[in-house]
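Here are the chains, one letter per residue:
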Amino acid sequence: MPSNIFDVGQFEFPYDYRFPGQASDEHILFITRENSSMLLFRRIVVVGVAVIIFLSGWGLGGMLGNYVFPIFGMMTQFLSVLLASIFGVIGFWWVSVLWQKSLCIITTKRLMKYVYTTPINRHILSLPLEQIVDTGAYTKGFLQAFLKLGTFTARSAASSSGVATDDGEGKRINKKYFYIENISIAEDLQHYVSKVLNANRHHLDKISTFRPFIPHLKGEKRANFMIKYPEYWS
């Protein structure tokens, strides 16, 4: 079992992972992060900005060399290469770490989300199953539509009643929606979570053995899975 769930490259069933704050009787039903196409998109943006920095500095250095002093032009071009390289390396590492560490977890008790804003700072969001009023899935914006991705959302009971909670820093916030964005299986996940909620309400004593969510497990594959793992039900 991996010692650090945030270092796992690809999550696969069985979900034999542990996350910070996990209860002893809490089982992972699904764990994911943003689709890898979002990581590729951000890396391309970083490389593109680095190229712009390089070309702008190189062009400026050429102008300074021709119309002012050649030494100024050479220094400017050198700085453009240095700054573009630094930005590219740090930016490439930065977006990769944020993507790697930002996780969404569905368990037999709640929905969890770890959102890293820097490589060392994170937000933790948790929504108990019993507080979920309804769920949804949709495509948001041009980028999601272009990449064929979607957003899963769960609405908290607190939003309909206007209940506010403390965020740990003395600030009052209203719980409203729990999002899992930029995933390719948003609709399938929405259907699955609806089944989990029904099981949690009507079969709470058996929720610990509810079938985990495995993307694209349908038809014959699902039947074979149930035969191979008879301890699970759905």
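Residues numbered from 1 in each chain as written. Predicted model: local features only at pLDDT ≥ 70, side-chain atom pairs only at ≥ 80, totals over all residues. Heavy atoms only, no water.

Moving on, we get to the overall build of the protein. Helix and strand content of the protein: 6 helices and 9 strands. In summary, the protein has a C-alpha radius of gyration of 23 Å against a globular reference of 17 Å for 234 residues, an excess of more than 25%. C-alpha atoms of the protein, sized along the principal axes, occupy 80 × 45 × 35 Å. A burial count over the protein gives 38% of its 234 residues as buried. Of the accessible surface of the protein, which amounts to about 13,700 Å², a share of 62% is contributed by carbon and sulfur atoms. Positive and negative charge centroids in the protein, built from 24 and 17 side chains respectively, lie 3 Å apart. (Helix = DSSP H or I, 4+ residues; strand = E, 2+ residues; numbered from the N terminus. Rg over C-alpha atoms; globule rule 2.2 N^0.38 Å. Buried < 20%, exposed > 50% of the residue type's maximum accessible area, 1.4 Å probe, protein only. Areas by Shrake-Rupley, 256 points an atom, 1.4 Å probe, with all protein chains shown as cover. Lys, Arg positive; Asp, Glu negative; His and termini not counted. Charge placed at Lys NZ, Arg CZ, Asp CG, Glu CD.)

Now for the packing of helix α1 (residues 36-67) against helix α2 (residues 70-101). Packing of α1 against α2 brings their axes to within 7 Å, and their N-to-C directions diverge by 170 degrees. Put simply, α1 runs roughly antiparallel to α2. Looking at the contact of α1 with α2 residue by residue, the class counts come to 18 nonpolar, 12 polar and 2 charged. (Axes fitted to C-alpha atoms, helices over the stretch in contact; angles between N-to-C directions. Parallel < 35°, antiparallel > 145°, perpendicular 65-115°, else oblique. Nonpolar A, V, L, I, M, F, W, Y, C, P; charged D, E, K, R; others polar.)

Per-residue pLDDT for the protein has a mean of 88; in total, 91% of the residues score no lower than 70. Mean pLDDT across the elements of the protein bottoms out in strand β7 (residues 164-166) (48) and peaks in strand β2 (residues 103-107) (97). Counting contacts from residues 159-165, a segment whose pLDDT is below 50, to residues more than four positions away or on other chains yields 15 contacts. (pLDDT = per-residue confidence, 0-100. Contact = heavy atoms within 4.5 Å.)

So, about the pattern of salt bridges. This structure, assessed with the given rule, holds 6 salt bridges. Between Arg 42 and Glu 34 there is a salt bridge, with the nearest N and O atoms lying 2.6 Å from each other. Between Lys 218 and Asp 188 there is a salt bridge whose closest N-O contact spans 3.5 Å. A residue pair is termed long-range when its members are at least 10 positions apart, and Lys 218 in the loop between α5 (186-202) and α6 (219-228) and Asp 188 in helix α5 qualify at 30 residues. By relative accessible area, which is 52% here, Lys 218 ends up exposed. For Asp 188, a relative accessible area of 24% gives the class partly exposed. (Salt bridge = Lys/Arg side-chain N within 4 Å of Asp/Glu carboxyl O.)

All right, on to the environment of Ala 186 then. Tracing the chain through its elements places Ala 186 in helix α5. Here Ala 186 is in contact with Ala 137, Gly 150, Thr 151 and Phe 152, once residues within four sequence places are set aside.

What follows is about the packing of aromatic side chains. The full count for this structure, using the stated rule, is 19 aromatic pairs. When the ring of Phe 13 is compared with that of Tyr 229, the centres are 5.1 Å apart and the planes differ by 90 degrees; the resulting orientation is edge-to-face. Pair noted here: Phe 13 is in the segment before β1 (28-32) and Tyr 229 is in the segment after α6, with a separation of 216 residues, a long-range link. Ring geometry for Tyr 15 and Phe 30: centres 6.4 Å apart, planes at 75 degrees, overall edge-to-face. Taken together, the positions of Tyr 15 in the segment before β1 and Phe 30 in strand β1 put the pair 15 residues apart, joining distant regions of the chain. Three or more aromatic residues joined by ring pairs make a cluster, and in this case those are Phe 13, Tyr 15, Phe 30, Tyr 192, Phe 210, Phe 213, Phe 225, Tyr 229, Tyr 232 and Trp 233. Positioned above the aromatic ring of Tyr 179, the side-chain terminus of Lys 140 is 5.7 Å from the ring centre. (Phe/Tyr/Trp six-rings, centres within 6.5 Å; stacked < 30°, edge-to-face > 60°. Lys NZ or Arg CZ within 6 Å of the ring centre and 35° of its normal.)

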